[in-house]
Amino acid sequence: MRQVGVLGATGSIGTSTLDVIARHPDRFRASVLVANRGTEALAKLCERFRPDLAIVADPAMEADLARRLAAAGVTCDIASGADAVTAAAAGPLCDTVVAAIVGAAGLDSTLAAARAGKRLLLANKESIVMGGELLLQALREGGGDLIPVDSEHNAIFQCLPGGRPALGPSGVRRLILTASGGPFRGRTRAQLGAITPDEACAHPKWSMGRKISVDSATLMNKGLEVIEAHHLFGAPADVIDVVVHPQSLVHSMVDYVDGSVLAQLGNPDMRTAIACALAWPERIEAGVAPLDLAAHARLDFEKPDLDTFRCLALAFAALRAGGDATAILNAANEVAVDAFLAGSLPFLAIAEVVERVLEELPPIPVVDVQTLVGRDAEARRAARGVLHRAYC
Ligand code: NAD
Ligand code: MG
């Protein structure tokens, strides 16, 4: 029986994870549930899944969570604060950790789970974009497995021999990440001037949290995924390609030197990747409808438009620049996306903010978590400075 800590339990990935867990009570138990502030949703999950520990990241909400759980007759332990989340990720109550917190806030708990040798199901791509080398080092120290949950990386994982990263000797030539193109595929810059947050979050194929939905609309999500693939599969930027595939049925591909291209297909439903990662190397039912290719009829592929969707080009540039440039990119993007969602930054200006912060803060080597977190804070300050000067 796997004891699963679900970090970000009330979010889109968390909810899908709990759906898969509920289908297999003989195999999995949700032993730790973590949310940011949403105590009502967290308490409902606790009532249903009866974890050993429930954590709300915002300490101001702990009393409210305690009151709700007492009213519902749930007797699990309760904790709050970022340190409690990190401790639980490394602690004895779970052997498997689903890292599904959104943003850089997930870094510490992801690293802690890796260092403690847990099976790490990585959805929180921002943590590997920020601290890729540190995460790989923590995994080596802990000796546990990382199984990617991001659908593209999970697809590549499934298409690589033994699910293991290996370029060169294994005959891998290229990794091909597919992108849906987001809600604004085919539009020109002139047509993107007045985009609202709700329009940006209306993804044509995937139902996701608001931050990743905006990232998908700018193609920054694909950029973060290129960086994620670089770390997970040891692939230099030059062997990672992105192809737009609007149907979102081919989740990514591996191109081998003999001309074989292996792809993983399925309906766009994150429960496939989550079930794969939870049960690997076994296969379990995920609640996902079988793929009906004849009903879909077409699979289209096209090149991404890097002039309109500049965030993807910026992510490639940051990866090539090396050092902590990808952490700077991530921090600036988080600030810019927050401002866009709050209605204070135009859609196209997200890329401008990221680009200016990358110019202001040339990369330095990643040496340890403290320095990295300091640079993340510096990049956030720089991004707020750009916002203030240009858009307030
Ligand atoms: P979401 O906004 O729906 O959920 C985020 C979850 O994290 C919530 O449970 C929230 O309470 C929690 N949270 C936020 N800040 C926190 C903090 N400081 N401490 C503790 N918990 C905190 O987001 P999502 O769409 O589920 O995405 C989660 C992560 O998974 C992101 O990194 C995203 O890029 C990645 N991802 C999501 C999808 C998807 O289909 N949604 C696909 C691939 C990767
Ligand atoms: Mg993805």
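Nothing here was measured: the structure is a model prediction, and the numbers come from that model. (Residues numbered from 1 in each chain as written. Chains lettered and ligands numbered in written order. Predicted model: local features only at pLDDT ≥ 70, side-chain atom pairs only at ≥ 80, totals over all residues. Heavy atoms only, no water.)

Could you give an account of the pairing of strand 5 (residues 96-99), naming the residues involved and the relevant values?
Burial along strand 5 is two-sided: the face carrying T96 and V98 and the face carrying V97 and A99 are both buried. Relative to strand 5, strand 1 (residues 2-7) runs parallel, the two sharing four bridges. Its bridge partner being in strand 5, G5 is matched across the sheet by V97. Summarising the sheet, strand 5 and strand 6 (residues 119-122) pair through four bridges and their orientation is parallel. (Buried < 20%, exposed > 50% of the residue type's maximum accessible area, 1.4 Å probe, protein only. Helix = DSSP H or I, 4+ residues; strand = E, 2+ residues; numbered from the N terminus. Pairing = 2+ DSSP bridges.)

Can you break down the UniProt feature "binding site: 1-deoxy-D-xylulose 5-phosphate" (unreviewed entry) in the chain residue by residue, with the values?
Under the feature "binding site: 1-deoxy-D-xylulose 5-phosphate" (unreviewed entry), the UniProt entry names K125, S151, E152, S180, H203, S216, N221, K222 and E225. By secondary structure assignment, the location of E152 is in helix 7 (residues 151-159). Setting aside anything within four residues of it in sequence, one finds E152 in contact with L177, T178, K222, E225, H251 and S252. A polar atom in the side chain of E152 sits 3.2 Å from the side chain of S151. Topologically, E225 is positioned in helix 10 (residues 220-233). (UniProt positions renumbered as here; feature names shortened; annotations may be inferred. Contact = heavy atoms within 4.5 Å. Polar contact = N/O pair within 3.5 Å; in protein donor to acceptor, adjacent residues only side chain to side chain.)

How would you explain the sheet that holds strand 10 (residues 250-256) if you had to name every residue and give the values?
Within a beta sheet, neighbouring strands are joined by backbone hydrogen bonds and run either parallel or antiparallel to one another. The four strands are arranged 9-8-10-11 in an open sheet whose pairing can be described as mixed. What marks the edges here is a single partner per strand, and that holds for strand 9 (240-244) and strand 11 (261-265). Adjacent strand axes in the sheet meet at a mean angle of 20°, parallel and antiparallel pairs treated alike. Summarising the sheet, strand 8 (residues 172-179) and strand 10 pair through five bridges and their orientation is antiparallel. In the strand pairing of strand 10, I176 is matched with M253. (Axes fitted to C-alpha atoms, helices over the stretch in contact; angles between N-to-C directions.)

Explain the sheet that holds strand 7 (residues 146-148) residue by residue, including any values.
Pairing is parallel across the open sheet formed by seven strands, whose spatial order is 4-3-2-1-5-6-7. What marks the edges here is a single partner per strand, and that holds for strand 4 (77-80) and strand 7. On average, each strand axis in the sheet is inclined to that of its neighbour by 20°, with strand direction left out of account. Here strand 1 pairs with strand 2 (residues 28-35) via six bridges, running parallel. Residue pairing for strand 2: V6 is matched across the bridge by L33. The strands touched by helix 2 (residues 39-49) are strand 2 and strand 3 (53-56); relative to strand 2, the strand with the most contacts, the crossing angle is about 165°. This element, helix 3 (residues 62-72), spans strand 3 and strand 4 of the sheet and lies at about 160° to strand 4.

Could you give me a rundown of the site of ligand 1, with the residues and numbers involved?
Inspection of the region around ligand 1 gives 22 residues, with T10, S12, N36, E126 and G209 positioned closest. The separation between an oxygen atom of ligand 1 and a polar main-chain atom of S12 is 2.9 Å. N36 has a polar backbone atom sitting 2.8 Å from an oxygen atom of ligand 1. Elements with a minimum of two residues in the shell around ligand 1: helix 1 (12-23) and helix 6 (125-142). Looking at the shell around ligand 1 residue by residue, the classes come out as twelve nonpolar, seven polar and three charged. Domain assignment of the residues forming the shell around ligand 1 places at least three in each of domain 1 (2-148) and domain 2 (155-296). (Near = heavy atom within 4 Å. Nonpolar A, V, L, I, M, F, W, Y, C, P; charged D, E, K, R; others polar. Domains from an automatic or database assignment.)

Go over a nonpolar patch on the surface, please, and point to the residues and values.
Together, L265, L293, L299 and F301 make up a nonpolar patch on the protein surface, roughly 320 Å² of accessible area in all. Looking at the element boundaries, L299 is found in the loop between helix 12 (293-296) and helix 13 (310-321). Judged by relative accessible area, L299 falls into the partly exposed class, the value being 36%. (Patch = residues over 30% accessible without salt bridge, like charges linked within 9 Å, V, L, I, M, F, W, Y side chains within 5 Å. Areas by Shrake-Rupley, 256 points an atom, 1.4 Å probe, with all protein chains shown as cover. Salt bridge = Lys/Arg side-chain N within 4 Å of Asp/Glu carboxyl O.)

Give a description of the pattern of salt bridges that names residues and reports values.
In the structure shown here, the tally under the stated rule is 30 salt bridges. Across the pair K211 and D215 runs a salt bridge whose closest N-O atoms are separated by 2.7 Å. With K211 and D215 both in helix 9 (residues 210-218) and four residues apart, this pair spans about one turn of that helix. Both residues of the pair, K211 and D215, count as buried. Each of the salt bridges in this network shares a partner with another, and the network as a whole consists of D19, R23, D269, R271 and E285.

Can you explain the packing of aromatic side chains? Please cite residues and give values.
Applying the stated criterion across every chain yields a total of three aromatic pairs. Between F340 and F347, the ring centres sit 5.6 Å apart and the planes meet at 65°, which makes this aromatic pair edge-to-face. The burial state of F340 is the same as that of F347; both residues are buried. Each residue in the set F184, F340 and F347 is aromatic and connected to the rest through ring pairs, giving one cluster. (Phe/Tyr/Trp six-rings, centres within 6.5 Å; stacked < 30°, edge-to-face > 60°.)

Residues and numbers for the packing of helix 6 against helix 10, please.
Between helix 6 and helix 10, the shortest axis-to-axis distance is 9 Å and the interhelical angle comes to 20°. With respect to each other, helix 6 and helix 10 are oriented roughly parallel. Seen from above, helix 6 lies across helix 10 with left-handed handedness. Here K125, I128, V129, G132, E133 and L136 of helix 6 lie close against helix 10, whose contacting residues are N221, L224, E225, I227, E228, H231 and L232. Its residues assigned to classes, the contact of helix 6 with helix 10 comprises six nonpolar, three polar and four charged. (Parallel < 35°, antiparallel > 145°, perpendicular 65-115°, else oblique. Left-handed = near helix turned anticlockwise from the far one by under 90°.)

Describe the domain arrangement of the chain, naming the residues involved and giving the relevant values.
Frequently, the measure chosen for interface size is the accessible area that the parts lose on association. By the assigned domains, the chain splits into domain 1 (2-148), domain 2 (155-296) and domain 3 (322-391). Inter-centroid distance (C-alpha atoms) of domain 2 to domain 3 is 25 Å. When domain 2 packs against domain 3, close to 1300 Å² is buried across both sides, 77% of that on carbon and sulfur atoms. In this structure, the connection of domain 2 to domain 3 is made through one residue pair in polar contact (both at pLDDT 80 or more). Looking at the side of domain 2 that touches domain 3, the elements that each hand over two or more residues are helix 8 (197-201), helix 9 and helix 10. It is helix 9 that provides the largest number of residues to the side of domain 2 that touches domain 3, a total of six residues. Of the residues belonging to the side of domain 2 that touches domain 3, the class tally is eleven nonpolar, three polar and four charged. (Buried area = accessible area lost by both parts, 1.4 Å probe.)

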